[in-house]
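# Descriptive structure summary
What follows is each chain in one-letter form.
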Amino acid sequence: MIDTNANILLIYTGGTIGMVENNVTGVLEVFDFAHLTSHMPELQRFKYHINTIVFDPPIDSSDVCPSHWRKLVHIIEDNYAEHDGFVILHGTDTMAYTASALSFMIQNLQKPIVLTGAQLPIGKLRTDAKENLITAMEIAASKDSIGYPIVPEVCIFFQTNLIRGNRSTKINADNFNAFKSYNYPGLGKSGIQIRYDRDKILTPNYEKKVFFHYLMDKDIVILKMFPGITKSVVDAILNAKGVKAVVLETYGSGNAPRYDWFIEALLDAVKRGIIIVNITQCEMGCVEMQRYETGHELLKAGVISGYDATVEATVTKLMHLLGHKYSREEIIVRMRVPLAGELTRPDDDRQI
């Protein structure tokens, strides 16, 4: 059910979706969101009120960093009480990172935050922008029979798919179906109607307050395994100045080379207090370091399992935890349990 009296805040950060082609120069330019309905008269059929905030200047999603995430959270916190839902227009390249970060930065979220974008500008005839934006608006305004939002979490809507933000990954640079959630079912799908899978959607505690967090630590690196990786490369990464955490992308269910120098390098990094989280390079599946001897060596070295989390969720979760100055022991515990539905443990497929 759509709340026809809903107040929706539309936030444009940048990206292809907000562009129109200059008729004279042919150059893509940001259109005036104050005249949004002139570009999309379809929105006038929605009876709810739409407010807009535009980043000035708009940012290319390749330039997105934690300061932009903090800006988004500030905007949402400042406007939270007056709005029923939020739609964020964002470039596709780093949308999954932003969606993951927001899921950790806003605790006990009780309203929809829907990120969307487009592969073609809104001014193009064959654009996917209009359908994505219209459906995202509808999702943000949808409530159940009691009056609670149907999707009170950070999510991405793209083409016909509604997916959890911190489970999302960009999979295609050319097609309209740009995002996928490999290790968690979709939250909904649009067709003639939007069909929600209510059992898969997070339920907040409406008796408690929502909390907005701003502390993020960027001192993280990603170390991706490949056949022939050298000691000098691994040492350079693990000994980089200021590094506090490493996302280790391994093979299969969490396997890596058993070279003595490699295990010793990990042991040394762990002894120096560096957090090392093991995630798989595979699109689907889960890290289970107990399964094979190669993974067991990593476990003995003090490497933490990232289970089935995406690289985007793992990176932003570490930024969040490190930013809050948790101890190593506390970070280990919090990396092993889902804070916002971002992972599933193999020994318990229920969300904790």
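Structure: see above.
These numbers come from a predicted model, not from an experiment. (Residues numbered from 1 in each chain as written. Predicted model: local features only at pLDDT ≥ 70, side-chain atom pairs only at ≥ 80, totals over all residues. Heavy atoms only, no water.)

## What about the overall build of the protein chain?
The helix and strand inventory of the protein chain stands at nine helices and 18 strands. Within the protein chain, the proportion of its 352 residues that are buried is 54%. When contacts within the protein chain are restricted to residue pairs at least 6 apart in sequence, long-range pairs at least 24 apart make up 73% of them. (Helix = DSSP H or I, 4+ residues; strand = E, 2+ residues; numbered from the N terminus. Buried < 20%, exposed > 50% of the residue type's maximum accessible area, 1.4 Å probe, protein only. Contact = heavy atoms within 4.5 Å.)

## Notes on the pairing of strand β16 (residues 245-250)
When you tally the buried positions in β16, you get six out of six residues, the bulk of the element. Of the two faces of β16, the one holding A245, V247 and E249 and the one holding V246, L248 and T250 are both buried throughout. Summarising the sheet, strand β15 (residues 220-224) and β16 pair through five bridges and their orientation is parallel. Across the sheet, the residue bridging to V221 is V246, located in β16. Crossover handedness for the path β15 to helix α5 (residues 231-238) to β16: right-handed. The sheet contact formed by β16 and strand β17 (residues 275-280) spans six bridges and is parallel. Bridged to E249 within β17 is I279. In this region the chain leaves β16, passes through helix α6 (residues 260-271) and returns to the parallel neighbour β17; the handedness of that crossover is right-handed. (Pairing = 2+ DSSP bridges. Right-handed = clockwise from strand over helix to strand, strands pointing away.)

## Things to note about unusual backbone geometry
In the segment running from D56 into P57, the intervening peptide bond is cis, with an omega of 0°. Here P57 shows up in the loop between β4 (49-54) and α2 (66-79). If you check the backbone angles, N108 has positive phi at about 60° while not being a glycine. Examined against the element boundaries, N108 turns out to sit in the loop between β6 (106-107) and β7 (113-116). Positive phi outside glycine occurs at Y307, with the angle close to 55°. Structurally, the position occupied by Y307 is in the loop between β18 (304-305) and α8 (311-323). Given the relative accessible area of 11%, Y307 is considered buried.

## Here we look at the nonpolar core
Residues I76, I113, L115 and L318 are the most contacted members of the largest nonpolar core, which totals 49 residues. Residues within four places of L318 in sequence aside, it is in contact with I220, A245, V247, I275, V277, G323, I331 and M335. Residues A118, L133, A141 and L162 belong to the second largest nonpolar core, which totals 28 residues. (Core = buried A, V, L, I, M, F, W, Y, C linked by side-chain atoms within 4.5 Å.)

## Here's the deal with the sheet that holds strand β5 (residues 85-89)
One open sheet holds the eight strands; their spatial order is β4-β1-β5-β7-β8-β9-β12-β13, and the pairing between them is mixed. Where the open sheet ends on each side, the last strands, each with one partner, are β4 and β13 (194-196). Recorded for the sheet is a direction-independent mean angle of 20° between the axes of neighbouring strands. Summarising the sheet, strand β12 (residues 188-190) and β13 pair through three bridges and their orientation is antiparallel. Residue S190 lies in a different strand from β13, and its bridge partner there is I194. Contacts from helix α4 (residues 129-141) reach β1 (7-12), β4, β5, β7, β8 (154-158), β9 (161-164), β12 and β13, with the element oriented near 160° to β5. (Axes fitted to C-alpha atoms, helices over the stretch in contact; angles between N-to-C directions.)

## Observations regarding the sheet that holds β17
As summarised here, the arrangement of the four strands in space is β15-β16-β17-β18, forming an open sheet in which the pairing is parallel. Where the open sheet ends on each side, the last strands, each with one partner, are β15 and β18. Relative to β18, β17 is paired through two bridges, and the arrangement is parallel. Paired with V277 across the strands is I304, a residue of β18.

## Some points on α6
Helix length check: α6 (12 residues) gives 16 Å between terminal C-alpha atoms against 16 Å at 1.5 Å per residue, within 8%. Listed in full, the buried residues belonging to α6 are F262, I263, A265, L266, A269 and V270. Each buried residue of α6 lies within a common arc of 155° when the element is viewed along its axis, so the set occupies one face. Turned more than 90 degrees away from the buried face of α6, the exposed residues are D260, E264 and K271. Lining the buried residues of α6 we find α5, β16, β17, α7 (293-300) and α9 (328-335). One or two steps after α6, the chain reaches G273, where phi turns positive at roughly 95°. (Expected span 1.5 Å × (residues − 1). Arc of directions from axis to C-beta.)

## Overview of the packing of aromatic side chains
Across all of its chains, the model carries six aromatic pairs by this definition. These aromatic residues form a ring-pair network of at least three members: Y80, F86 and F212. The ring centre of F55 lies 4.0 Å from the NZ or CZ of K71, which sits over that ring. (Phe/Tyr/Trp six-rings, centres within 6.5 Å; stacked < 30°, edge-to-face > 60°. Lys NZ or Arg CZ within 6 Å of the ring centre and 35° of its normal.)

## What about the packing of α8 against α9?
The interhelical angle for the contact between α8 and α9, taken along N-to-C directions, is 145°, at an axis separation of 11 Å. Once α8 is placed against α9, the crossing between them reads as right-handed. Facing T314, K317, L318, L321 and L322 of α8, the residues of α9 in contact are I331, R334 and M335. (Left-handed = near helix turned anticlockwise from the far one by under 90°.)

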